[in-house]
Amino acid sequence: MICKNCKNDSFYQLQNEYIKCKICAKKYSLKKLKTDENIIIGFWQDKTALELSKELNLNYKTIKSRFDEIRYKLSKFLEEEYYSMPKDYSEYEEFYYFSQKQKLQNIKSLYEAINIIGFYSNEKIYTLLMPNLKHRRESKNEGFEEYLNWHKIYSQNSYKTKLYDFWKFLEENLKKYNGVSYESFFYYLKECEFKFNYEKNLQLTILKNLWFIQNNIIEVLKEVRASGKTTPAIF
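What you see is a predicted model; the values in this text were computed from it and never measured.

Parameters and conventions
- Residues numbered from 1 in each chain as written.
- Predicted model: local features only at pLDDT ≥ 70, side-chain atom pairs only at ≥ 80, totals over all residues.
- Heavy atoms only, no water.
- Helix = DSSP H or I, 4+ residues; strand = E, 2+ residues; numbered from the N terminus.
- Buried < 20%, exposed > 50% of the residue type's maximum accessible area, 1.4 Å probe, protein only.
- Contact = heavy atoms within 4.5 Å.
- Core = buried A, V, L, I, M, F, W, Y, C linked by side-chain atoms within 4.5 Å.
- Pairing = 2+ DSSP bridges.
- Axes fitted to C-alpha atoms, helices over the stretch in contact; angles between N-to-C directions.
- Expected span 1.5 Å × (residues − 1).

Caption draft 1: Focus on the overall build of the protein chain. A tally of regular secondary structure across the protein chain gives nine helices and six strands. For the protein chain, with 235 residues in total, the buried portion stands at 42%. Residue pairs at least 24 apart in sequence account for 59% of intrachain contacts in the protein chain once pairs closer than 6 positions are excluded.

Here it is in structure tokens:
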């Protein structure tokens, strides 16, 4: 592995199942490192926190907390990637997301949906979460919802890009959750964006790098670009 403090890759083996960096003397618990790796693999395998907690015999809240932190790191990684790449904004589309539960209840009001803008550039999807529309219901602006329904934002050729496939991918991947709050939705959206954009093997490498080399998101991004398809593994 690589020390997250000094990037050294040589360690002393201690007797209490710890290792110590030969350069900065930072100690790491081998048990915790293995647990972290198993949680990352479970996230990569699209398991829910509940499924993985049962599989690893760990507390659900522990797994859920780690998953939330992984999603946060992914959102920062994708944000950095988006802002550092050239963009043409030629393909874009607005999408209203309804959960599986809402569909079963035949809820169709756009005020209840989650509004998303998707862009397709450099062979990747990037999404922005739009403001919640629920407050507009109380504005007494009759016809506003109908206006939104008939004036969705989209580029002329958006239907030819991967955006359509991504919306289907998003809906399918979120079915396994028992509802996602608006406050948390952004991070689940970014998880789907990441898993849609990157090949499966590369996903795992990036996830490990983001977790074990904390705060070096820009460096991880540079490695992804420099290598084209692979980044150096942590383990």
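Caption draft 2: A look at the nonpolar core. One finds Phe67, Ile70, Phe194 and Leu207 to be the most contacted residues of the largest nonpolar core, which totals 27 residues. Secondary-structure elements contributing two or more residues to this core are strand E2 (18-21), helix H1 (30-44), helix H2 (49-56), helix H3 (60-84) and helix H8 (200-212). Of all hydrophobic cores here, the second largest spans 16 residues; its members include Phe95, Leu163, Trp167 and Cys192.

Caption draft 3: How the structure looks around the sheet that holds strand E3 (residues 27-29). Strand order in the open sheet formed by three strands is E1-E2-E3, with antiparallel pairing between adjacent strands. Here the strands that pair on one side only, and so sit at the sheet edges, are strand E1 (11-13) and E3. Direction aside, the axes of adjacent strands within the sheet are offset by 30° on average. The pairing of E2 with E3 spans three bridges and is classified as antiparallel. Each bridged residue has a counterpart across the sheet, and for Ile19 the counterpart in E3 is Tyr28. Packed on one face of the sheet, H1 meets E1, E2 and E3 and runs near 60° to E3.

Caption draft 4: The arrangement of helix H7 (residues 182-197) in detail. When the terminal C-alpha atoms of H7 are compared, their 23 Å separation across 16 residues agrees well with the 22 Å that a helix rising 1.5 Å per residue should span. Taken together, the buried positions of H7 are occupied by Phe185, Tyr188, Leu189, Lys190, Glu191, Cys192, Glu193, Phe194, Lys195 and Asn197.

Caption draft 5: Summary view of the sheet that holds strand E4 (residues 91-97). Taken together, the three strands give an open sheet; going across it, the order is E4-E5-E6, and neighbouring strands pair in antiparallel fashion. The open sheet has two edge strands with one neighbour each: E4 and strand E6 (124-129). Taken pair by pair, the neighbouring strands of this sheet meet at an average axis angle of 25°, ignoring direction. Strand direction decides the pairing type here: E4 and strand E5 (residues 114-121), joined by seven bridges, are antiparallel. Looking at the pairing, Tyr96 lines up with Asn115 of E5. Packed on one face of the sheet, H3 meets E5 and E6 and runs near 110° to E6. Most of the contacts of helix H6 (residues 163-174) go to E4, to which it runs at about 30°, and overall it touches E4, E5 and E6.

Interpretation note: all reported values are geometric properties and have no functional meaning in isolation.
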